[in-house]
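Residues per chain are reported as follows:
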Amino acid sequence: MLVRFTKMQGAGNDFVMLNETGSRLNLTPGQYRYLADRHFGVGADQILSVRPSPEKGVDFEYVIHNADGGEVEQCGNGARCFVRFVREQGLTDKDTVRVKTMSGVIEPRLQADGRVTVDMGMPVFDLPRIPFDPAGLTPVIDGSWQKWPLALEGRAPTAPVLVAVLSMGNPHAVQLVADVDAAPVLQDGPLIENHACFPRRVNAGFMQVVSRNQVRLRVYERGAGETLACGTGACAAVVAGIRLGLLDARVDVVTHGGTLTIEWQGGVNACDAPVLMTGPATTVFEAEINVPDHL
């Protein structure tokens with residue numbers, strides 16, 4: 001099967017964009033894995049499909065597959081690339097589009113300076129909706145919020161990892177670290193991702209607070225491993241930091257792939273405000289690839 005695609009990246013988080021507005025490619029999980037493979041395919045953290053509007057009041061549908069071939073609910077850096085892609089491909093002339101994802105409707109908006117702002121919706125703290133199962137755990141109260149102790153293989157039971165859990169359309173577990181460069185991301189990331197408390201797995205964030213307006217962040221993404229940047233991870237980290245009383249309402253999140261600006265007016269107690277994320281979205285190249293039929 002000959003597949004035409006566009007390679008894009010947002011703060012180093014890279015994507016294969018597929019235009020399915022005319023017809024569905026009907027790719028299998030194995031074919032998504034092939035496209036994401038950095039040795040045999042194109043190479044990407046996620047495969048993003050652009051599909052026609054599924055309902056009134058929405059411009060497009062946005063379908064996301066991780067590098068492991070599994071479909072997931074949300075991808076923030078991908079959302080920024082999404083709006084630039086549909087503009088550059090002539091699929092819309094709007095600067096702001098309403099896009100249906102598995103987790104709800106988002107609104108990415110092209111800015112005059114070339115960056116893209118995405119209204120990522122409101123964070124979710126209700127544990128069953130994240131989803132997070134706290135059975136057998138006792139929360140540690142930190143200010144007006146709570147962290148949850150996770151026992152990890154290879155760590156003493158008396159030294160659990162403390163994580164703040166929430167959803168940004170997909171589940172996140174955020175922990176504070178003194179030095180993000182020295183954090184055991186590759187060691188602890190997969191253990192947190194697959195912890196039994198998270199029935200749909202989780203994205204593991206490691207956040208170093210530099211000041212009330214800046215953090216450094218690394219994320220071990222569910223189904224993708226550590227990436228250069230994670231948009232929903234940046235949103236989750238800032239929301240967690242604000243709720244823990246550590247951050248102000250506008251924060252620059254420095255990742256290995258670049259800087260994202262996150263804004264949330266929810267504050268320590270009020271949680272009914274959307275999270276805004278602003279960052280770059282860049283087209284790298286366009287090409288075609290032969291994808292094996294039977295994968």
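For clarity, every value in this text was computed on a predicted model and none was experimentally measured.

### Focus on the side chain of Asn66
With respect to the helices and strands, Asn66 occurs in strand S4 (residues 60-66). The class of Asn66 is buried, set by a relative accessible area of 3%. One polar contact links the side chain of Asn66 to the main-chain carbonyl oxygen of Arg222, over a distance of 2.5 Å. Setting aside chain neighbours within four positions, we find Asn66 in contact with Asp45, Gln46, Val72, Arg222 and Gly223.

### A short note on empty space enclosed by the protein
Scanning the entire structure with this criterion turns up two cavities of 30 Å³ or more. Roughly 100 Å³ of volume is contained in the largest cavity. Taken together, 16 residues line the largest cavity, and the ones lying closest to its centre are Gln46, Gln74, Cys75, Asn170 and Glu221. Those elements that provide at least two residues to the lining of the largest cavity are S4, helix H2 (76-88) and helix H4 (231-243).

### What about the nonpolar core?
Counting 55 residues, the largest nonpolar core has Met17, Tyr62, Leu166, Val253, Ile262 and Val275 as the members making the most contacts within it. Counting residues per element, this core draws most heavily on H4, at eight residues. Contact partners of Val253, with chain neighbours within four places excluded, come to Val215, Leu217, Ala234, Val238, Gly258, Thr259, Leu260 and Ile262. With 21 residues, the next largest nonpolar core counts Leu127, Trp148, Val180 and Phe206 among its residues.

### Some details on the environment of Glu286
Structurally, Glu286 can be placed in strand S19 (residues 282-290). As for Glu286 and Lys7, which are separated by 279 residues in sequence, their C-alpha atoms are 6.1 Å apart. The residues contacting Glu286, other than those within four sequence positions of it, are Arg4, Phe5, Thr6 and Gln89. Among the polar contacts made by the side chain of Glu286, one reaches the side chain of Arg4 at a distance of 3.4 Å. A distance of 2.7 Å separates polar atoms of two side chains, one belonging to Glu286 and the other to Gln89.

### Quick look at the pairing of strand S10 (residues 145-150)
By the criterion of burial, S10 is predominantly enclosed, with five of the six residues buried. Where strand S9 (residues 140-142) lies against S10, three bridges are found, and the strand directions are antiparallel. Bridge pairing links Val140 to Lys147 in S10. From the end of S9 to the start of S10, which pair antiparallel, there are two residues, and Gly143 there has a positive phi angle of about 65 degrees. Note: S10 against strand S11 (residues 161-167), three bridges, orientation antiparallel. In the sheet register, Pro149 faces S11, and the bridge partner there is Leu162.

### Some thoughts on the layout of surface pockets
Considered as a void within the structure, the largest pocket measures approximately 280 Å³ in volume. What lines the largest pocket is a set of 20 residues, and nearest its centre among them are Ser103, Val124, Ser167, Met168 and Gly169. Ranked by residue count, the leading element in the lining of the largest pocket is strand S7 (residues 104-110), at three residues. Residue composition of the lining of the largest pocket, by class: nine nonpolar, eight polar and three charged.

### Considerations on the pairing of strand S14 (residues 214-221)
By the criterion of burial, S14 is predominantly enclosed, with six of the eight residues buried. Pairing of strand S13 (residues 203-211) with S14, which is carried by seven bridges, proceeds in the antiparallel orientation. Paired with Ser211 across the strands is Gln214, a residue of S14. Direction of pairing for S14 relative to strand S16 (residues 250-255): parallel, over a ladder of three bridges. Bridge pairing links Val215 to Val253 in S16. Here three bridges tie S14 to strand S15 (residues 225-227), and the two strands are oriented antiparallel to one another. If you follow Glu221 over to S15, its bridge partner there is Gly225. Taking the residues that link successive antiparallel strands as the turn, the S14-S15 hairpin has three residues, and the phi of Gly223 there is positive, at about 80 degrees.

Reading guide: rules and limits
- Counting from 1, residues in each chain are numbered in the order their sequence is written.
- pLDDT decides what is reported in this predicted model: residues at 70 or higher carry local features, side-chain atom pairs at 80 or more are listed and counted, and totals for whole chains, interfaces and linings draw on all residues regardless.
- Excluding hydrogens and water, the side-chain figures rest on all heavy atoms present in the structure.
- Strands are runs of DSSP state E lasting at least 2 residues, helices are runs of H or I lasting at least 4, and numbering of each runs from the N terminus.
- Here the term buried applies to any residue with accessible area under 20% of the maximum for its type, exposed to any over 50%, and partly exposed to those in between, with areas from a 1.4 Å probe on protein chains only.
- N or O atoms within 3.5 Å of each other form a polar contact, as long as, within protein, one can give a hydrogen and the other can take it, and as long as residues adjacent in sequence are counted only when both atoms are side-chain atoms.
- Contacts are assigned to residue pairs that have any heavy atoms within 4.5 Å of one another.
- Whether a set of points on the 1 Å grid over the protein atoms alone is a cavity depends on a 1.4 Å probe fitting there but being unable to get out, while an open set qualifies as a pocket with protein on both sides within 12 Å along at least five of seven lines; lining residues are those with an atom within 4 Å of a point.
- Grid points are joined across faces, edges and corners, and a volume is the space filled by probe spheres set on the points.
- Remark: nonpolar core denotes a set of buried residues (Ala, Val, Leu, Ile, Met, Phe, Trp, Tyr, Cys) joined through side-chain atoms within 4.5 Å.
- At least two bridges found by DSSP between two strands is the condition for calling them paired.
- Polar here means any residue other than Ala, Val, Leu, Ile, Met, Phe, Trp, Tyr, Cys and Pro, which are nonpolar, and Asp, Glu, Lys and Arg, which are charged; Gly is therefore polar.

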